[in-house]
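Listed below are the residues making up each chain.
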Number of protein chains: 2
Amino acid sequence: MPNPPPAAVGMSIDQVDTPALLIELDAFERNMKGMQDRMDRAKMRFRPHAKTHKCAAIAHQQIALGAVGICCQKVSEAEALAWAGVRDIMITNQLIGPLKVERAAALARYIELSVCVDDAQNVRQLASAAKKFDVQLNVMLEINVGADRCGVAPGAGVVDLVRLIDQQESLNFIGLQAYQGSAQHLRSFSDRKDAVARAAELTGNTVEVLKNHGYACRVIAGGGTGTHPFEAGSGVYNEIQSGSYVFMDADYGKNRNRAGEYERAFENSLFILASVMSHASPGRAVVDAGLKSMSFESGLPVVVAPAGVSYIASSDEHGILEISRDTEVRLGDKLRLIPGHCDPTVNLHDWFVCVRGTQVEAVWPVTARGAVY
Amino acid sequence: MPNPPPAAVGMSIDQVDTPALLIELDAFERNMKGMQDRMDRAKMRFRPHAKTHKCAAIAHQQIALGAVGICCQKVSEAEALAWAGVRDIMITNQLIGPLKVERAAALARYIELSVCVDDAQNVRQLASAAKKFDVQLNVMLEINVGADRCGVAPGAGVVDLVRLIDQQESLNFIGLQAYQGSAQHLRSFSDRKDAVARAAELTGNTVEVLKNHGYACRVIAGGGTGTHPFEAGSGVYNEIQSGSYVFMDADYGKNRNRAGEYERAFENSLFILASVMSHASPGRAVVDAGLKSMSFESGLPVVVAPAGVSYIASSDEHGILEISRDTEVRLGDKLRLIPGHCDPTVNLHDWFVCVRGTQVEAVWPVTARGAVY
């Protein structure tokens, strides 16, 4: 059973139960449109990553704005969004083991589905499962362009694996997954730019090698919120996968632009609404949002207002606020916090409470919350 | 909708989908019985904290072993466990705002319920809500005994607030909540002992002050997995609230005992079962469990076996394993990870997969997962 929603449409924000996962719709919609406009101007296909929001309502809005489909990270996430009507999904990840492989093949009966591989045995298992379910499965080869996570080394070594994919009647080789994840949060503009320049060079070389062996890469995919201008301008990539741009977070707020200022192309639209629940000592107050409401591995949340209030420490269900001498905070006050990291914070909640101004306009289920399989 | 369970009863552990939240039942049952035995020997009432497991199946087992009831941290958590049959719950926390206050009062129609306060206005609101729902609500005064979170300063200053509670016809003053949370993870035995000695002194003095004003503290509550022997032996506390002992975690594994060795009175019984999903480079592999499967704010998870494999970095859905030269790891291998911090890790999952040896014996819902309100 999901938890009951902390709000209902028509409520004032003051009536929302806390802690709640809040979307400010005006900022969210500017982010949504802003990124699609950038992709349109760059003539890039845009396939936003749904691992950020895990929400069918948002995925459908992204597609309505012009996205060609969405990315997911897990087959269970793809299932949840497919059953909610999303028709074109790329799983930007390896699916290992018979359970996951067969679920992907079965899902391909219902939607256009692509998956990533970096292993020969996995290619054979996917081919066998696709045959069993009588589907054609689209396959991307993942190459390691600097993130040092999944993916085979780029360059001439990939030819054997692509040949193996191409030989499988039930698989379609469609291209390369070349995501430079570790570049997204490099703080300086030039560091991010240089990291993607290197990734694009490695990717371009690999495309060339494959072309020389007769294998065309229809899709050359990567890019994230921190680096998408560089992939989009590389002349190599043709499909961009940014996700966090819809919400942003405190960590992304530390990236700098070309002028060395904080990058503000996209706005914080995601907040945790929390209430002051204890104020028994001057200088210290406690809010009702801690480790079970926000993810902390990328740093502490930032208090939006009032100035003079800082979130300085957390336990499971509590956050400690430091209150400066001339700031007044009262029991029951509601504060907006910008979470350190949006994706794992969203995954803690069952509902988005969507507000325009001070009014609740929608309550969206986090469709694939906890879909980690 | 919860996600479908990653296992079914009777499966071998090799068939369980990953990542999964695993309980090893033999170790879990030793922990459960071991703590209750300690409490019985110390003639302490035991009210384990359910914020660790959030699971009605576990709460009922704790009560069957001798616990007087359970603790919760949130009113939504208490509701979820009450509707699953738990009849005596103490919310060790302040409930602020009309929504939460009224839910607590309404819940007290169905179960024996106690809540904590540290504010006069909150006392009046609770009294008014209890009157509205025609119930008697048990109230604990929380005092700050060193954790510097919620709670009023101990000592003579508490008398006015207790008098106010006592004056409310719909409220029963039952005692003091005096939890020294920040002592639980002090690594040295003597530091933990000293911190609780100080907490017990402050608490004992407060009990004495109240007694001199005619207010009896029937319940004097506190204690956690890291410090319960000290509260139980203090001569001051009479009700102990440990929670993490059922599972333990990597953070608790760093506490030392009197002899300076790692404290091993309770065993790790909670694991994340993860699969190797990429091994495209020698020396590095990737597992399918990251920030959405485990909490990282208390440190990285520990790989149980094989030796020579370390979990060295995480992203949302991935964990990077460093593989020593003479260790072999294959794609699809399943590993057990000890999470850094058990409570927020449990809160990420819908199901406990309970194994005895290599066989799945039970699948328990995490009844109050995400109940953060």
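All figures in this text were calculated on a predicted structure; none of them were measured in a lab. (Residues numbered from 1 in each chain as written. Chains lettered and ligands numbered in written order. Predicted model: local features only at pLDDT ≥ 70, side-chain atom pairs only at ≥ 80, totals over all residues.)

Draft legend 1. Spatial organisation of the overall build of chain A. Assigned secondary structure in chain A consists of nine helices and 17 strands. Taken over C-alpha atoms, the radius of gyration comes to 22 Å for chain A, in line with the 21 Å a tight globule of 373 residues would show. The principal-axis extent of the C-alpha atoms belonging to chain A is close to 70 × 50 × 35 Å. Relative to its 373 residues, chain A shows a buried fraction of 57%. Restricting the contact set of chain A to residue pairs at least 6 apart, pairs at least 24 apart contribute 67%. (Helix = DSSP H or I, 4+ residues; strand = E, 2+ residues; numbered from the N terminus. Rg over C-alpha atoms; globule rule 2.2 N^0.38 Å. Buried ≥ 20, exposed ≤ 12 C-beta atoms within 10 Å, placed from the backbone. Contact = placed C-beta atoms within 7 Å.)

Draft legend 2. Representation of the nonpolar core. One finds Leu81 of chain A together with Leu81 of chain B to be the most contacted residues of the largest nonpolar core, which totals 246 residues. Beyond its immediate sequence surroundings of up to four residues, leucine 81 of chain A is in contact with Ala50, Ala56, Ala59, Ile70, Cys72, Val86, Ile89, Thr367 and Ala368 of chain A. (Core = buried A, V, L, I, M, F, W, Y, C linked by C-beta atoms within 7 Å.)

Draft legend 3. Local environment of the relation of the copies chain B and chain A. When chain B is fitted onto chain A, the two copies agree to an RMSD of 0.0 Å after a turn of 180 degrees and an axial shift of 0.0 Å. Here the symmetry operator amounts to a two-fold rotation axis. Mapped onto chain A, 100% of the interface residues of chain B again fall at the interface, so both copies present the same surface. (Least-squares fit on C-alpha atoms with pLDDT ≥ 70 in both.)

Draft legend 4. Quick look at the interface of chain B and chain A. Between chain B and chain A, the contact holds 55 residues from the first and 55 residues from the second. Within the residue set of the side of chain B that touches chain A, elements represented by two or more residues are strand 4 (88-94), helix 5 (120-132), strand 10 (270-281), strand 11 (284-287) and helix 9 (342-346) of chain B. Here the side of chain B that touches chain A gets four residues from one element, more than from any other, and that element is strand 10 of chain B. Split by residue class, the side of chain B that touches chain A holds 20 nonpolar, 21 polar and 14 charged. (Nonpolar A, V, L, I, M, F, W, Y, C, P; charged D, E, K, R; others polar.)

Draft legend 5. A look at the confidence of the model for chain A. Of all residues in chain A, 100% attain a pLDDT of 70 or more, and the chain-wide mean is 97. We note a pTM of 0.97 for the whole complex and an ipTM of 0.96 for its interfaces. (pLDDT = per-residue confidence, 0-100.)

Draft legend 6. Structural detail: unusual backbone geometry. Residue proline 19 of chain A is reached from threonine 18 of chain A by a cis peptide bond, and omega for that bond is -5 degrees. Along the chain, proline 19 of chain A falls in the segment before strand 1 (20-24). For the peptide bond that leads from alanine 305 of chain B to proline 306 of chain B, omega is -5 degrees, which places it in the cis range. As for its placement among the helices and strands, proline 306 of chain B is situated in the loop between strand 12 (302-303) and strand 13 (309-314).

Draft legend 7. Inspection of the domain arrangement of chain A at higher detail. Residues and elements named next belong to chain A. Each domain of chain A was delimited in the assignment, giving domain 1 (13-21 + 264-365) and domain 2 (42-248). Computed from C-alpha coordinates alone, the two centres of domain 1 and domain 2 are separated by 34 Å. For the side of domain 1 that touches domain 2, the element with the most residues is helix 9 (residues 342-346), which contributes three residues. (Domains from an automatic or database assignment.)

Draft legend 8. Here's a closer look at the sheet that holds strand 5 (residues 112-117) of chain B. All names here are of chain B. Overall, parallel pairing links the eight strands, which are arranged 2-9-8-7-6-5-4-3 in an open sheet. The strands lining the two open edges of the sheet, one partner per strand, are strand 2 (45-46) and strand 3 (70-72). In this sheet, strand 6 (residues 137-142) lies alongside strand 5 in parallel orientation, the contact comprising four bridges. Residue pairing across strands places valine 115 opposite valine 139, the latter belonging to strand 6. The strands that helix 3 (residues 75-83) touches are strand 3, strand 4 and strand 5; relative to strand 4, the one it contacts most, it runs at about 170 degrees. (Pairing = 2+ DSSP bridges. Axes fitted to C-alpha atoms, helices over the stretch in contact; angles between N-to-C directions.)

Draft legend 9. Highlighting the packing of helix 1 (residues 25-41) of chain A against helix 2 (residues 56-65) of chain A. Residue and element names in this part refer to chain A. Relative orientation of the contacting elements helix 1 and helix 2 amounts to 40 degrees, with a least axis distance of 10 Å. The orientation of helix 1 with respect to helix 2, classified from their angle, is oblique. Seen from above, helix 1 lies across helix 2 with right-handed handedness. Every residue of helix 2 that contacts helix 1 at Met32, Lys33 and Gln36 is listed here: Gln61, Gln62 and Leu65. Of the residues contributing to the contact of helix 1 with helix 2, the split by class is two nonpolar, three polar and one charged. (Parallel < 35°, antiparallel > 145°, perpendicular 65-115°, else oblique. Left-handed = near helix turned anticlockwise from the far one by under 90°.)

Draft legend 10. Layout of helix 4 (residues 98-107) of chain A. Three or more residues of helix 4 of chain A are buried, namely Lys100, Val101, Arg103, Ala104, Ala105 and Leu107 of chain A. In this structure, the buried residues of helix 4 of chain A make contact with helix 3 (75-83), strand 4 (88-94), strand 5 (112-117), helix 5 (120-132) and strand 6 (137-142) of chain A.

Draft legend 11. Summary view of the sheet that holds strand 4 of chain A. Residues and elements named next belong to chain A. Overall, parallel pairing links the eight strands, which are arranged 2-9-8-7-6-5-4-3 in an open sheet. The sheet terminates laterally at strand 2 (45-46) and strand 3 (70-72), the two strands that pair on one side only. Bridge count between strand 7 (residues 171-177) and strand 8 (residues 219-222): three bridges; the pairing is parallel. Bridge pairing in strand 8 links glutamine 177 to alanine 221. Contacts between helix 6 (residues 159-167) and the sheet are confined to strand 6 and strand 7, with strand 7 contributing the most and set at about 150 degrees to the helix.

Draft legend 12. Region of the structure containing the pairing of strand 8 of chain A. With two bridges connecting them, strand 8 of chain A and strand 9 (residues 239-240) of chain A associate as parallel partners. Along strand 9 of chain A, the bridge assignment pairs glycine 222 of chain A with isoleucine 240 of chain A.

Draft legend 13. View of the pairing of strand 6 of chain A. All names here are of chain A. Burial analysis of strand 6 places six of its six residues in the buried class, the great majority of the element. Regarding the hand of the β-α-β motif, the stretch spanning strand 5, helix 5 and strand 6 is right-handed. Examined bridge by bridge, strand 6 and strand 7 share six bridges and lie parallel to one another. Bridging across to strand 7, methionine 140 finds its partner in glycine 175. Once you follow strand 6 into helix 6 and on to strand 7, the crossover reads as right-handed. (Right-handed = clockwise from strand over helix to strand, strands pointing away.)

Draft legend 14. Seen up close, the environment of valine 16 of chain A. Residues and elements named next belong to chain A. With respect to the helices, strands and loops of the structure, valine 16 is situated in the segment before strand 1. Looking at valine 16, the number of C-beta atoms within 10 Å reads 22, which means it is buried. Counting along the chain gives 55 residues from valine 16 to cysteine 71, while the straight-line C-alpha distance between them is 32 Å. Excluding residues within four positions of it along the chain, valine 16 makes contact with Pro6, Ala7, Met11, Leu273, Val353 and Val360.

Draft legend 15. Summary view of helix 1 (residues 25-41) of chain B. All names here are of chain B. With 17 residues, helix 1 should reach 24 Å at 1.5 Å per residue; the first-to-last C-alpha distance of 24 Å fits that figure. Within the span of helix 1, buried status applies to Phe28, Asn31, Met32, Met35 and Met39. Angularly, the buried residues of helix 1 cover 95 degrees about the axis, an arc narrow enough to put them on a single face. Every exposed residue of helix 1 that faces more than 90 degrees away from the buried side is listed here: Asp37, Asp40 and Arg41. Lysine 43 sits one or two residues past helix 1 and shows a positive phi near 55 degrees. (Expected span 1.5 Å × (residues − 1). Arc of directions from axis to C-beta.)

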